[in-house]
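Residue-level structural notes
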Amino acid sequence: MDFAFERRRLGKLTPEHILPKLISAAEHFGFREFSMRELQSANLGVTRAGVESAFGSWSDGMKALRAELQKQGMSLRPRNTKRLSDDQLFTEMARIWTLVGHRPSRYEWEGSSPAYWYKTYKKRFGGWTNACLKFLEWQMGAPVELSNGDPRVRPDVAGHSASTHTSCATETIDPVRRRAPTARLRLQVLDRDSFRCVLCGRSPALERGAILHIDHVIPFSRGGPATLDNLRTLCQRCNLGRGNAMSLGHPLAQDKS
Ligand SMILES: [Zn+2]
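Residues numbered from 1 in each chain as written. Predicted model: local features only at pLDDT ≥ 70, side-chain atom pairs only at ≥ 80, totals over all residues. Heavy atoms only, no water.

A word on helix H2 (residues 15-28). Taking 1.5 Å of rise per residue, the 14 residues of H2 would be expected to cover 20 Å, and the 19 Å separating its terminal C-alpha atoms lies within 8% of that figure. Within H2, burial applies to Ile18, Leu19, Leu22, Ile23, Ala25 and Ala26. Buried residues of H2, seen end-on, are gathered within an arc of 160° and therefore sit on one face of the element. Exposed positions of H2 whose direction lies more than 90 degrees from the buried face are Glu16 and Glu27. Looking one or two residues beyond H2, the residue adopting positive phi is Gly30, at roughly 70°. (Helix = DSSP H or I, 4+ residues; strand = E, 2+ residues; numbered from the N terminus. Expected span 1.5 Å × (residues − 1). Buried < 20%, exposed > 50% of the residue type's maximum accessible area, 1.4 Å probe, protein only. Arc of directions from axis to C-beta.)

Hydrogen bonds between backbone groups are what pair the strands of a sheet, and the pairing can be parallel or antiparallel. With respect to topology, three strands assemble into an open sheet ordered S1-S2-S3, the strand pairing being mixed. Edge positions in the sheet fall to strand S1 (145-147) and strand S3 (231-235), since each of these pairs with one other strand and no more. Averaged over all adjacent pairs, the angle separating strand axes in this sheet is 35°, with direction ignored. Examined bridge by bridge, strand S2 (residues 212-216) and S3 share five bridges and lie antiparallel to one another. Its bridge partner being in S3, His213 is matched across the sheet by Leu234. Against the sheet, helix H12 (residues 183-192) makes contact with S1, S2 and S3, and its axis sits at roughly 65° relative to S3, the strand it touches most. (Pairing = 2+ DSSP bridges. Axes fitted to C-alpha atoms, helices over the stretch in contact; angles between N-to-C directions. Contact = heavy atoms within 4.5 Å.)

On the protein side, the zinc ion has Cys197 (SG), Cys200 (SG), Cys235 (SG) and Cys238 (SG) as donor atoms, found 2.3 Å from it. Coordination at the zinc ion comes from four donor atoms whose angles at the metal span 105 to 117°, giving a geometry best classed as tetrahedral. Here the donor residues of the zinc ion are spaced in sequence according to C-x2-C-x34-C-x2-C. You can see Cys200 sitting in the loop between H12 and S2 and its partner Cys235 sitting in strand S3, a full 35 residues away along the chain. Relative accessible area serves as the criterion here: at 39%, Cys200 is assigned to the partly exposed category. Look at Cys235 and you get buried, because its relative accessible area is 0%. (Donors = N, O, S within 2.8 Å, 3.2 Å for Na, K, Ca; no water. Tetrahedral: all angles 85-135°; square planar, octahedral: opposite > 155°, others 65-115°.)

Turning next to the nonpolar core. Of all hydrophobic cores here, the largest spans 35 residues; its most connected members are Met93, Trp97, Tyr121 and Phe135. It is helix H9 (residues 128-140) that provides the largest number of residues to this core, a total of seven residues. The residue makeup of this core includes at least three contributed by each of domain 2 (86-140) and domain 3 (145-256). Ignoring sequence-local partners within four residues, the contact set of Trp97 consists of His102, Arg103, Pro104, Cys132, Phe135, Leu136, Phe195, Ala205 and Leu206. (Core = buried A, V, L, I, M, F, W, Y, C linked by side-chain atoms within 4.5 Å. Domains from an automatic or database assignment.)

That is the geometry; function is a separate question.
Shown next, in the form of structure tokens:
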């Protein structure tokens, strides 16, 4: 099953050989306890079998690791004895987002002395981008709304009347799908626009009270499709204040007007 184990076993794996690797692994896991399974899947050049071979058992290996860390003045935090709340995770995200001034990359996150591991977010929210979206919605206190591009009309209300205009659309896309981008598409739009208004730059991540919409550049009622090109991130203020004017200079707007 584990060829490295078989091969190394012949050469007698020693604690001295494995311990430094366990310490790097501890570092990799942010100095919290980790399981055999986590160690295996992290692919750090040390396997469960290696630990067992050198120390006799996994738990003896962990004991040796703790002892060694203690010598160096460090320790392993207990793993999720209690699940972190979303509030805890988002509060920390707000701190780091503010610190770097934009949506933090993995490297920015890890360089900001985070209280929680980057991977914790990925795991909890199914990816970093999704974690960012959930954070924004937490800040906004509401989901990112979809705007159909027609000003001052609530999207959910406009949807019914607008659906009668599908005949003027040039594309033969299911009107429901066309008006309502999938969650994945919305996420792509937000991600592309760095989770902030493309006109004024406001973001709920940095400004309490800011609200983001996903907006149709060409309004839905004029046949504007729900495609990445025709969608953009606007704050509520810019979205509602833009009147009837389509965004000038936008390639789709010029093509169709
Ligand atoms: Zn704006």
